[in-house]
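Chains, contacts and geometry: an overview
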Amino acid sequence: MGIVGSQGLACQIFAKPCFLFDVPESWTLEDAATVPAAYCSVFYALVVRGQVKAEESILIHSGSGAVGQAAIAVALSYGCKIYTTVGTQEKRKFLMQKFPTLTEDCFASSRDNSFQRHIMRQTNGLGVDLVLNSLSEELFEASLRCLSKFGRFLEIGKYDLSQNRQIGIICSLLSICLYV
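In this report, we go over the structure that sits alongside the text. The shown structure was predicted, so the numbers you read here are calculated from the model rather than taken from an experiment. (Residues numbered from 1 in each chain as written. Predicted model: local features only at pLDDT ≥ 70, side-chain atom pairs only at ≥ 80, totals over all residues. Heavy atoms only, no water.)

1. What about a nonpolar patch on the surface?
A surface patch of nonpolar side chains, amounting to about 280 Å² of accessible area, comprises Phe43, Tyr44 and Val48. Taking the relative accessible area as the measure of exposure, Phe43 reaches 46% and is therefore partly exposed. (Patch = residues over 30% accessible without salt bridge, like charges linked within 9 Å, V, L, I, M, F, W, Y side chains within 5 Å. Areas by Shrake-Rupley, 256 points an atom, 1.4 Å probe, with all protein chains shown as cover. Salt bridge = Lys/Arg side-chain N within 4 Å of Asp/Glu carboxyl O. Buried < 20%, exposed > 50% of the residue type's maximum accessible area, 1.4 Å probe, protein only.)

Here it is as structure tokens:
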């Protein structure tokens, strides 16, 4: 499995350099196909654009998806305090089994803006250092309000961008807004 800049076709790779990794024997090729894009997206967002630092706090939306799981893994490797949103109790249980360091206070709902109150309560009103956002419309705005002063907002969703959403004044008042 891997990622190439161009000219990757089926089982032949013509580009150099490229990033290739062995597929674990316990994985299907379908499983393996989801990993490079998710981890490369997360690395670019958190490390390159967001400049994540050890022990920062981060809100990761849709934690049970491929990008969410990759983001949790990367953030944990930096020693970050993680908050994540999920849509169901089953997804919460899944993540708690996969990442045993996540506790109940790390989770909030992605179904409504109640995650904003949860984050502000958990951070004593300070907000988080980074938000990895994939939510749109009013939940996008609630995500912005979860940021600490000088926090970094990393937008990986496309809806608000495709709608030419005007967020500049909100971003300038709250944080640095980075489209990834």
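Having put the structure on the table, let's press on.
2. Describing the pattern of salt bridges
Working definition: two side chains of opposite charge can pair if their charged atoms are close together. In total, this model carries three salt bridges according to the counting rule given. Put simply, Glu56 and Arg152 hold a salt bridge, and the shortest N to O gap is 2.7 Å. With a gap of 96 residues between them, Glu56 in the loop between helix H1 (29-49) and strand S5 (57-60) and Arg152 in strand S9 (residues 147-155) connect regions that are remote in the sequence. Assessed through its relative accessible area of 10%, Glu56 is described here as buried. Using a relative accessible area of 11% as the deciding quantity, one classes Arg152 as buried. Between Arg92 and Glu104 there is a salt bridge, with its nearest N and O atoms 2.9 Å apart. Of the two residues, Arg92 sits in helix H3 (residues 89-98) while Glu104 sits in the loop between H3 and strand S7 (107-109), which places them twelve residues apart along the sequence. Owing to a relative accessible area of 15%, Arg92 belongs among the buried residues under this scheme. (Helix = DSSP H or I, 4+ residues; strand = E, 2+ residues; numbered from the N terminus.)

3. Section: helix H4 (residues 114-122)
Along H4, the positions that sit buried rather than exposed are Phe115, Gln116, His118 and Ile119. Buried positions in H4, seen along its axis, are confined to an arc of 165° and lie on one side of it. Away from the buried face of H4 by more than 90 degrees, exposed residues Arg117 and Arg121 are located. Elements in contact with the buried residues of H4: S5, strand S6 (81-86), S7, strand S8 (128-133) and helix H5 (137-144). (Arc of directions from axis to C-beta. Contact = heavy atoms within 4.5 Å.)

4. Quick notes on the side chain of Arg92
At 2.9 Å, the side chain of Arg92 forms a polar contact with the side chain of Glu104. Not counting residues within four places of it along the chain, the set of residues in contact with Arg92 comprises Val86, Glu104, Phe107 and Ala108. (Polar contact = N/O pair within 3.5 Å; in protein donor to acceptor, adjacent residues only side chain to side chain.)

5. Digging into the nonpolar core
Residues Leu46, Ile58, Ile60, Ile72, Ile82, Leu95 and Leu102 are the most contacted members of the largest nonpolar core, which totals 23 residues. Elements with a contribution of two residues or more to this core: H1, S5, helix H2 (66-77), S6 and S8. A per-element tally of this core places H2 first, with five residues. Here Ile82 is in contact with Ile58, Ile60, Ile72, Ala75, Leu76, Leu102 and Cys106, once residues within four sequence places are set aside. Judged by nonpolar contacts, the second largest core, of 15 residues, contains Ala108, Ile119, Phe140 and Cys146. (Core = buried A, V, L, I, M, F, W, Y, C linked by side-chain atoms within 4.5 Å.)

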